[in-house]
Amino acid sequence: MIDRTIIEAANAAAEPGLRAEYDALGEQLDRRGLAIDSLKARVAAYGIAIPSWGVGTGGTRFARFPGAGEPAGIFDKLDDCGVIHRLTAATPRVSLHVPWDLAPAADLRAKAEEVGLGFDAMNSNTFQDQPGQASSYKFGSLSHVDGGTRAQAVEHNLACIEIGREIGSKALTVWVGDGSNFPGQSHFTRQFDRYLDSARQIYAALPEDWRLFTEHKMFEPAFYATVVQDWGTNYLIATELGPQAQCLVDLGHHAPNVNIEMIVARLIRFGKLGGFHFNDSKYGDDDLDTGSIDPYRLFLVFNELVDAEGQPGFDPAHMLDQSHNVTDPIESLMSSAMEVQRAYAQALLVDRAALSGYQEENDALMASETLKRAFRTDVGPILAMARLEAGAAIDPVATFRRSGYRAEVAARRPQSGGRGGGIV
Ligand code: LRH
Ligand code: MN
Ligand code: MN
């Protein structure tokens with residue numbers, strides 16, 4: 001854990017500059033009829049979940065280049081997630097992946113409490129085989145042609161719900177890699193019916209106050225056809241299952257140029273937006289750092305979310321889901337959490353009355369300018385002030401580097417292997 005004195009020392013040097021910038025921005029926003037302190041309060045109340053699998057160095061199917069001091073298991077991961085929240089005050093929860101994070105619930109709860117975190121959605125894993133598993137997922141899981149394999153995959157999801165109940169989670173995210181690699185390999189309709197039948201069994205086991213998030217993804221690992229390939233299929237699933245089922249939008253799971261903010265608007269309109277896996281991409285499911293490629297798209301997604309705030313039942317879960325191949329994962333996750341917060345703050349600046357006026361008048365240029373004006377505003381001082389007031393770091397990455405945390409854990413955690421690829 002990072003000592004309070006380290007954060008305070010770093011903040012002391014940066015605070016006078018921050019106060020000057022905050023005041024200047026406050027004056028500017030005031031002229032636009034916006035109160036900076038209430039914006040700061042909304043940013044301070046915003047939180048995003050860290051994916052437990054994100055704190056380890058990622059890899060591709062070609063190679064993995066492990067960093068020093070990588071977490072060896074879930075308790076190390078929770079330590080790292082605790083550091084991220086300590087320095088940013090923006091990541092109060094962790095999303096677990098089972099069986100990667102399998103551990104006794106009481107120990108998970110105790111560790112989370114020690115590092116000041118709660119648990120977000122549980123993630124099941126039927127896209128890999130585990131040692132000793134009776135049936136293989138090579139040809140699918142929830143949609144497999146073999147009933148025994150489907151039953152095993154359903155059972156695994158029920159076990160995830162059970163662990164989640166014990167640690168205070170309220171949602172299960174199901175992503176399956178099921179699909180086919182060759183035309184003709186699978187019967188599209190029969191395969192989807194098998195998926196729906198399995199998903200219904202999982203849905204039936206949900207506690208009353210839980211939600212089931214199904215996550216679509218266009219391709220990979222199936223390269224010809226994926227069972228839950230897009231938001232249309234995902235919407236059908238959520239509708240077939242019932243009110244506790246909603247769609248999860250992972251930003252990287254769409255074809256390049258797809259209008260994701262519009263998908264978000266559609267799902268909101270029909271009460272089926274369950275949550276997000278934020279990341280960024282240039283080509284496919286790149287799992288790049290959130291906001292690193294197209295921050296405007298991220299802002300446009302948040303523009304839809306802010307527009308829908310306050311609608312009955314609107315409560316999407318916000319999680320990161322990215323893979324860090326060349327950076328320190330703690331630094332990437334901190335900067336990504338802040339990018340998400342930034343997009344939220346920028347979206348709060350949109351003059352919605354003016355925007356709908358321009359929409360009614362078909363003033364395309366001014367409508368676009370209204371969004372751009374909010375997007376171009378540097379809201380950094382609002383975010384930094386919210387962190388300072390929460391006892392976190394004005395500059396989380398610089399403070400993390402000064403803390404020596406990575407070198408310290410590197411001295412006591414075993415060096416992990418680099419052979420082979422893989423996502424974790
Ligand atoms: C699939 C995915 C899904 C998995 C995670 C590891 O690409 O986005 O959310 O659970 O990656
Ligand atoms: Mn995802
Ligand atoms: Mn993904």
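Residues numbered from 1 in each chain as written. Chains lettered and ligands numbered in written order. Predicted model: local features only at pLDDT ≥ 70, side-chain atom pairs only at ≥ 80, totals over all residues.

Q: Looking at this model, I keep getting lost on the packing of helix α9 (residues 295-308) against helix α10 (residues 329-348). Mind explaining?
A: The description of two packed helices rests on the angle between their axes and on the distance between the axes. With their axes 8 Å apart at the nearest point, α9 and α10 run at an angle of 55° to one another. When the axes of α9 and α10 are compared, the pair comes out oblique. The interaxial crossing formed by α9 with α10 has right-handed handedness. Contacts between α9 and α10 involve P295, L298, F299, F302, N303, L305 and V306 on the former and, on the latter, E339, A343, Y344, Q346, A347 and L348. When the residues that make up the contact of α9 with α10 are grouped by side-chain class, the tally is ten nonpolar, two polar and one charged. (Axes fitted to C-alpha atoms, helices over the stretch in contact; angles between N-to-C directions. Helix = DSSP H or I, 4+ residues; strand = E, 2+ residues; numbered from the N terminus. Parallel < 35°, antiparallel > 145°, perpendicular 65-115°, else oblique. Left-handed = near helix turned anticlockwise from the far one by under 90°. Contact = placed C-beta atoms within 7 Å. Nonpolar A, V, L, I, M, F, W, Y, C, P; charged D, E, K, R; others polar.)

Q: What's the story with the confidence of the model for the protein in this structure? I'm lost.
A: Parts of the model with low pLDDT should not have their predicted coordinates read in detail. Confidence along the protein averages 97 in pLDDT terms, with 98% of residues attaining 70 or more. Complex prediction metrics read pTM 0.97 and ipTM 0.99. (pLDDT = per-residue confidence, 0-100.)

Q: Whenever I open this one, the nonpolar core confuses me. Can you help?
A: Taken as a class, soluble globular proteins show a tendency for nonpolar side chains to be buried jointly. Core analysis: the biggest nonpolar cluster contains 98 residues, and I84, L172, F302, A337, A347 and I382 have the highest contact counts within it. For this core, the element with the highest residue contribution is α10, accounting for eleven residues. Not counting residues up to four positions away in its chain, the partners in contact with I382 are L25, I36, L39, K40, V43 and A345. (Core = buried A, V, L, I, M, F, W, Y, C linked by C-beta atoms within 7 Å. Buried ≥ 20, exposed ≤ 12 C-beta atoms within 10 Å, placed from the backbone.)

Q: Got a minute to help me understand unusual backbone geometry in this structure?
A: Only a minority of non-glycine residues have a phi that is not negative, and only a minority of peptide bonds are not trans. That bond from V98 to P99 is cis: its omega, 10°, falls within 30 degrees of zero. Within the fold, P99 resides in the loop between β2 (93-95) and α4 (105-115). We note that D287 has phi near 55°; this positive angle belongs to a residue other than glycine. Counting through the fold element by element, D287 comes out in the loop between β10 (273-278) and α9. Look at N362: it is not a glycine, yet its phi comes out positive at around 55°. Here N362 lies in the loop between α11 (352-360) and α12 (364-376). A residue is classified by how many C-beta atoms lie within 10 Å of it, and N362, with 7 of them, is exposed.

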